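Survey of secondary and tertiary structure
Residue strings, one per chain:
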Amino acid sequence: MSTGVTTLRMLDRADKEVMKLTRADIGAVYEFMHKFRHNPENPGLNLKALNGESRLMSARVNKDYRALLLHIAARDYLLVAVKHRGEVYDDLSRYAYRINRITGGIEVVDMAPVGDSIIGRVVPPEIEPEPAQKPLFDTYTDTQLLELGVSELLLPQIRELTTETQLLELLDRAPQLTTDVLFALFDGTPYDEVLQQVTEPVRADEPVDPEDFEAAVERPATQVTSDDEALQAMLGEAFERWQIFLHPTQRKLVERPYSGPARVGGGPGTGKTIVALHRVAHLARQLPPGVDKPILLTTFNRNLAADLRTRLMALGGQELVSRVDIVNIDRLASRVVAEAKAGGSRRVVDDNRVLELWDEFLLETGETGWEAEFLAAEWTQVVLGQVLNSRTDYFKARRPNRGRSLTRAERDQIWQLTERFATWLENRGVWTWRQVAQRAARLEMDRTAQNTGVAGESSGGFYRPRYRHVVVDEAQDLSAAHWKMLRAMVAPGPDDMFLTGDTHQRIYDNHVTLGSLGVNIRGRSSKLTLSYRTTRQILADALQIMTGEVYDDLDGGEENLAGYRSLLRGGRPVLRGAATWGQERDLIVEQLRSWGNPADGSVAICVPTKDLAAEVISRLEGEGLAVVEIGPDGPKRPDGVHIGTMHRFKGLEYQRMIIAGVSDGLVPRQMIGRYRDTDPKRYQRERQRDRSLLFVAATRARDELALFWHGTPSPFLTGRLVQRQLA
């Protein structure tokens, strides 16, 4: 930055105010910022201190609006608000600022009530809570609230709150941490959990000097942007706020240096993908100049990989994207195999055909000692999943989540059958994606092993790992073979691997322990708990669906959704049962009608099976509605009413959603009942997967959700949920 240029950054809360202005006034704000940077003493800007206050100043944006600025240092300013000129001149004493002693971030608070809430959504009057009889937070001392990071400036007003409505009005103008803390306490989260889950992740790493504004403005807790192009894009209509502002918790995770692999977990809508994208951008900005692609960004689903590319382009532009290899994991494995010419001309068939192929193989060979289903799972999850290359490897292999134990003789039989099956597939000129992943993992592991300890030259010329950094989104969906391949593609060391994911959303049968695969995340795991997607009411019902289930954390421990919360409000989800499937389809039509039959792509219907989807499509088309099916590559058109099976909704979101067919025998699938006695572990795993599918579907809804069933409701719908239909 040259000596004569002034630094002007924009505070997150000012951005929210600017977004409410007309397009012409938004343009005026951008023009003002441009002029201010070049010459804050420009007479037309009329920069002056407010009420003799040394730091708080105002400047002219245009004839109607004034900028409120905090003077940080000599030529360093922070735009903290954009107000109508009448507000700025009428009541200056209402603005206050402070450095938070917990986060070290700058907090600017408008001490008077402001207009419409930016937190809440419109709530029907009939679901407003009854006024409380006593102050909401009278069980906590001032010292306790301050230790949680609540703004000291707002303590007197916090003490007077008695209703949720009053709380929302206050939080409209409260700093981020104050909002997070008070909502968590209001929702009944114990004090110690709020301290651990909400406050600790954003606590400053060093002692806070309450007078050092230069240090404060650089901390993650002060949510600002100063990049001119980013501001211009932010003020444009099509630019999303997430591309500029991160929650302080997210920003800290993005910018932190890690000594090895790191993982960020969290429930749906908590911004894990956003964190992954910003992490990629952060790593890319630190690369030396070049034309190579030293960063890998990968995920399991090919639709999500395409979406990651689009979003990273919007975030960082072509120059940043040109340094990143963005590819879904199976395509990456296929590329490795093709490079080594290891696949010949074989055609890849989808993994969901594996059982069918084993059935065919056993019938053709006359083998009757083992069920095709058991062999298919053993081959897929153990032999291929663990990249086992020999009979000896298989004899020694652990078989987690595989149910029954096997004798040495049984392992010998199974190994011989898997070898014969692989040969049988090869003779037919096909192989599966799991086989491709296994071969790619072996190729990469061998490539690394051959060059271990070789500095500089090797027999193959100069050796270096494929990537400097690997970033994985939806990490819970990858198999052990995928992880072994990725581990071999990047040298162990600082910032080598960064993973985001949520095992509660695992909808594929991939259960791994990362530590056993060389991806050691111990001590480098974090969790996001604030949902930006869905309302508190929908979230509460989605969490009910997960009642009693235990999920792993990808590293041998347990994962939970403790502290998972939302600041958004809405109506309670609709829950209704019908006697028959035909009557349930009537409920779907009725619900769409009550929403005004929107055909703009904002509404979706989710069902458990393809057959049910076809029947719903037929019924709605008969009603004259525009229907769009969600295929393997997503919705075929952006408009209409979107309809698909639960698997299709991963990565999507809608304003309103209907989940139909949530009946016993459909959710969970009736066929898994056969494992209840013969293979209890398999039964539990399949049941957990079906519960995850329902949870993922329910959390795709932003504003409104309806859950329907016919006959007996799914056991995943707790008694509390089912009884609500009668209320």
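To be clear, the structure that these remarks concern was listed above.
Read on for an overview of the structure. Bear in mind the structure is a predicted one, so any value in this text is a computation, not a measurement. (Residues numbered from 1 in each chain as written. Predicted model: local features only at pLDDT ≥ 70, side-chain atom pairs only at ≥ 80, totals over all residues. Heavy atoms only, no water.)

Moving on, we come to the sheet that holds strand E23 (residues 574-578). Spatially, the seven strands line up as an open sheet ordered E23-E29-E28-E24-E27-E25-E26, and their pairing is mixed. One side of each edge strand has no neighbouring strand; the edge strands of this open sheet are E23 and strand E26 (634-635). Direction of pairing for E23 relative to strand E29 (residues 701-710): parallel, over a ladder of five bridges. Bridge pairing in E29 links Gly 577 to Trp 709. Along the sheet, helix H23 (residues 610-622) makes contact with strand E24 (600-607), strand E25 (627-631) and strand E27 (640-645), crossing E27 at roughly 160°. (Pairing = 2+ DSSP bridges. Helix = DSSP H or I, 4+ residues; strand = E, 2+ residues; numbered from the N terminus. Contact = heavy atoms within 4.5 Å. Axes fitted to C-alpha atoms, helices over the stretch in contact; angles between N-to-C directions.)

One way to put it is that helix H14 (residues 329-339) packs onto helix H19 (residues 433-451) with a least axis distance of 8 Å and a crossing angle of 55°. Here H14 is positioned oblique relative to H19, judged by the angle of their axes. Here H14 runs over H19; the crossing is left-handed. Contact residues: H14 offers Asp 330, Ala 333, Ser 334, Val 336 and Val 337, while H19 offers Trp 433, Val 436, Ala 437, Arg 439, Ala 440, Leu 443 and Glu 444. (Parallel < 35°, antiparallel > 145°, perpendicular 65-115°, else oblique. Left-handed = near helix turned anticlockwise from the far one by under 90°.)

The strand order across the open sheet built from six strands is E11-E10-E16-E17-E9-E18, with neighbouring strands paired in parallel fashion. Both edges of this open sheet fall to strand E11 (324-326) and strand E18 (525-528), since each of them pairs with a single strand only. Strand after strand, the sheet turns through a mean of 15° between neighbouring axes, direction not considered. Note: strand E10 (residues 295-298) against E11, three bridges, orientation parallel. By the bridge assignment, Leu 297 is partnered in E11 with Ile 326.

This paragraph deals with the packing of aromatic side chains. The full count for this structure, using the stated rule, is 15 aromatic pairs. With a centroid separation of 5.9 Å and 55° between ring planes, the pair formed by Tyr 258 and Phe 498 is classed as tilted. Pair noted here: Tyr 258 is in the loop between helix H11 (248-255) and strand E9 (262-266) and Phe 498 is in strand E17 (residues 497-500), with a separation of 240 residues, a long-range link. The burial state of Tyr 258 is the same as that of Phe 498; both residues are buried. Relative to Tyr 654, the ring of Phe 649 has its centre 6.0 Å away and its plane inclined at 65°; by these criteria the two rings are edge-to-face. Of the aromatic side chains, those joined through ring pairs into one cluster are Trp 358, Phe 361, Trp 379, Phe 421 and Trp 424. Residue placement shows Arg 411 over the ring face of Tyr 394; its charged tip is 5.6 Å from the ring centre. Its guanidinium or amino end placed over the ring of Tyr 675, Arg 682 lies 4.5 Å from that ring's centre, counting from NZ or CZ. (Phe/Tyr/Trp six-rings, centres within 6.5 Å; stacked < 30°, edge-to-face > 60°. Buried < 20%, exposed > 50% of the residue type's maximum accessible area, 1.4 Å probe, protein only. Lys NZ or Arg CZ within 6 Å of the ring centre and 35° of its normal.)

Let us now look at the pairing of strand E7 (residues 106-110). Counting buried positions along E7 gives five out of five residues, so the element sits mostly inside the fold. Burial of the side chains of E7 extends over both faces: Ile 106, Val 108 and Asp 110 are buried on one face and Glu 107 and Val 109 on the other. Alignment of strand E6 (residues 95-99) against E7, held across five bridges, turns out to be antiparallel. Paired with Arg 98 across the strands is Glu 107, a residue of E7. Where E6 folds back onto E7 in an antiparallel hairpin, the turn is made up of six residues, including Gly 104, whose phi is positive at roughly 75°.

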